[in-house]
Amino acid sequence: DTPILTTPQSISVVTKDQIADQGVQNVVEALRYTPSVSLDTFGATTIFDAVKLRGFDAPRYLDGLRLPFDPGTQFAVPKVETYGLERVEVLRGPSASLYGQTDPGGIINMVSKRPTATPQHEIIGTFGSFNRFQGAFDSSGPIDKNGEFLYRIVGLGYSTDGQQDFVHQNKVFIAPSLTWRPTTDTSFTILSQYQNIDNKGWQQYVPGDAAGLRPNPFGRIPYSRYIGEPSVDGYKLEQFSVGYALEHRFDNNLQFRSNFRYFDVKNNVAGVRSEGLLPDFRTALRSFNYVNSAAQNIAL
């Protein structure tokens with residue numbers, strides 16, 4: 001219960017209100033105003049929520065349990081939906097006393113939305129450039145009159161074209177949760193989520209020589225020009241997780257907590273991307289990149 005200002009560690013908390021005010025679309029955007037954070041490690045087209053704290057890759061935690069992210073899993077990395085988060089906690093510096101072995105730079109811990117004792121309901125619809133249509137809902141409250149069982153279900157979906165021709169993005173996210181409170185001292189919460197991303201077009205770059213960054217005798221081409229292969233390029237992510245959070249208070253001085261989660265993530269990416277122009281200034285050098293990866297993660 002110690003206030004952050006008097007805690008002997010550098011901590012920042014990005015609340016769900018700040019996430020909504022900024023209109024962020026991913027975790028990286030949510031951390032843009034956080035000190036000591038380096039973002040966009042892999043550029044704007046990244047499929048990772050890559051974050052560096054004080055120069056070190058920051059391990060990512062969801063509800064206090066570490067998410068799979070290491071060179072061994074390659075591209076099989078979960079992507080966390082910010083609309084399903086209550087807050088994002090940034091702990092700078094070593095945090096081994098709370099989270100076990102961590103990097104010197106710090107960690108990122110994301111906290112999922114959980115069932116509430118007070119009923120609350122929200123429906124959001126948005127639209128924007130490039131034929132973007134997005135809908136989201138958040139419903140929570142007690143199931144029975146005594147408040148022994150609580151529920152929450154959070155969902156989001158969108159469809160949008162991209163800045164370049166032939167690019168299209170689709171996303172579906174759903175996160176149901178249920179809390180059982182048999183007594184005032186005991187709480188058992190089941191947390192689950194499912195997310196599916198299916199994007200057409202991936203890692204498309206207009207060469208600098210063709211975009212007008214340097215003189216080109218043939219003029220410049222528009223940023224919307226697609227240089228890849230529409231029938232090949234794409235990014236697909238499917239992930240699912242389920243787990244629990246158990247808390248029991250024996251007395252004012254002793255409390256037991258247990259957290260568990262199983263996470264399954266599959267990632268399939270293919271991209272024919274530009275690697276610049278040849279000396280004739282009109283022929284694009286291209287490379288083909290393909291990764292098919294999967295990971296199963298158990299955390300306790």
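Residues numbered from 1 in each chain as written. Predicted model: local features only at pLDDT ≥ 70, side-chain atom pairs only at ≥ 80, totals over all residues. Heavy atoms only, no water.

Secondary structure assignment for the protein chain yields four helices and 16 strands. Principal axes of the C-alpha set define a box for the protein chain whose edges measure 80 × 40 × 35 Å. Counting the 300 residues in the protein chain, one finds 42% classified as buried. Accessible area for the protein chain stands at about 16,200 Å²; split by element, carbon and sulfur atoms hold 55% of it. Between the centroid of the 28 positive side chains of the protein chain and the centroid of its 30 negative side chains there is a distance of 3 Å. (Helix = DSSP H or I, 4+ residues; strand = E, 2+ residues; numbered from the N terminus. Buried < 20%, exposed > 50% of the residue type's maximum accessible area, 1.4 Å probe, protein only. Areas by Shrake-Rupley, 256 points an atom, 1.4 Å probe, with all protein chains shown as cover. Lys, Arg positive; Asp, Glu negative; His and termini not counted. Charge placed at Lys NZ, Arg CZ, Asp CG, Glu CD.)

With that settled, the discussion passes to the packing of aromatic side chains. For any pair of aromatic rings, the description consists of the separation of the ring centres together with the inter-plane angle of the planes. What the rule picks out here adds up to five aromatic pairs. Each member of the aromatic cluster is reached from another via a ring pair, and the members are Phe188, Tyr244 and Phe260. Above the ring of Tyr158, the side-chain terminus of Arg132 is found at 4.5 Å from the ring centroid. (Phe/Tyr/Trp six-rings, centres within 6.5 Å; stacked < 30°, edge-to-face > 60°. Lys NZ or Arg CZ within 6 Å of the ring centre and 35° of its normal.)

One finds Leu31, Val88, Ile108 and Met110 to be the most contacted residues of the largest nonpolar core, which totals 19 residues. Among the secondary structure elements, those contributing two or more residues to this core are helix H2 (27–30), strand S7 (85–92) and strand S8 (106–112). No other element matches S7, which puts three residues into this core. Those residues in contact with Val88 that lie beyond four places of it in its chain are Ser12, Val13, Val14, Ile19, Leu31, Ile108, Asn109 and Met110. Counting 13 residues, the second-largest nonpolar core is a separate cluster that includes Ala76, Trp202, Leu237 and Val269. (Core = buried A, V, L, I, M, F, W, Y, C linked by side-chain atoms within 4.5 Å. Contact = heavy atoms within 4.5 Å.)

The next point concerns a nonpolar patch on the surface. On the surface, Ile143, Phe149, Leu178, Trp180, Ile190, Phe240 and Val242 cluster together into a nonpolar patch covering about 580 Å² of accessible area. Only strand S12 (168–183) and strand S14 (234–249) provide two or more residues apiece to the nonpolar patch. Relative to the assigned elements, Trp180 resides in strand S12. Classification of Trp180 as partly exposed rests on a relative accessible area of 38%. (Patch = residues over 30% accessible without salt bridge, like charges linked within 9 Å, V, L, I, M, F, W, Y side chains within 5 Å. Salt bridge = Lys/Arg side-chain N within 4 Å of Asp/Glu carboxyl O.)

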